[in-house]
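Chain residues, written in single-letter form:
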Amino acid sequence: MSVIVAAPTGVVYRTQCGGYACAQYEQEGYLSPHYGTDPDTDLKAFFVGELKGYGTRGRAWQPDELARLRSLVDDLGIYGADRYDEPYPPSLVLDESRLAEPAEAWVPVVTPDGPGVLIWENSD
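Residues numbered from 1 in each chain as written. Predicted model: local features only at pLDDT ≥ 70, side-chain atom pairs only at ≥ 80, totals over all residues. Heavy atoms only, no water.

(A) How the structure looks around the pairing of strand S5 (residues 106-111). Among the six residues that make up S5, five are buried, leaving the element largely enclosed by the rest of the structure. Relative to S5, strand S4 (residues 93-94) runs antiparallel, the two sharing two bridges. Across the sheet, the residue bridging to Leu 94 is Val 109, located in S5. Summarising the sheet, S5 and strand S6 (residues 114-119) pair through six bridges and their orientation is antiparallel. Considered in S6, the bridge of Val 109 is made with Gly 116. Taking the residues that link successive antiparallel strands as the turn, the S5-S6 hairpin has two residues. (Buried < 20%, exposed > 50% of the residue type's maximum accessible area, 1.4 Å probe, protein only. Helix = DSSP H or I, 4+ residues; strand = E, 2+ residues; numbered from the N terminus. Pairing = 2+ DSSP bridges.)

Written out as structure tokens, the structure reads:
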């Protein structure tokens with residue numbers, strides 16, 4: 001699992017997303033990898049199980065689905081900021097201004113360092 005933090009770096013990351021749609025999404029920025037024992041388990045269960053394999057962009061999010069996605073992102077607690085003067089920097093937050101974008105393995109987030117995208121291994 002990683003976060004691509006949007007930044008004018010000249011480096012564009014492309015990843016396969018969207019379940020069996022095998023879509024290719026990309027973001028310019030820098031990569032912040034996050035390690036752990038299967039940190040993407042709950043997100044995979046949500047997109048593959050609860051959403052019954054729904055994996056592509058443009059979903060009309062139901063209030064309960066949106067609350068669940070928000071909670072899954074909030075519960076990750078995986079992102080550390082570049083701002084070393086903050087003893088406990090905020091974690092990731094679902095970027096609700098970009099709700100047309102979420103897909104399996106691609107969720108827009110706000111990080112302590114600005115907007116980004118949470119990515120993980122696509123289920124196909």
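There is more to say, and it comes next.
(B) Examining the nonpolar core more closely. Counting 28 residues, the largest nonpolar core has Leu 43, Phe 47, Leu 69, Val 107, Leu 118 and Trp 120 as the members making the most contacts within it. Of all the elements, helix H2 (residues 63-76) adds the most residues to this core, at five residues. Each residue touching Trp 120, except ones within four places of it in the same chain, is listed here: Met 1, Asp 40, Leu 43, Lys 44, Phe 47, Ala 103, Glu 104, Ala 105, Trp 106 and Val 107. (Core = buried A, V, L, I, M, F, W, Y, C linked by side-chain atoms within 4.5 Å. Contact = heavy atoms within 4.5 Å.)

Take it as geometry only, folks, not as evidence of what the structure does.
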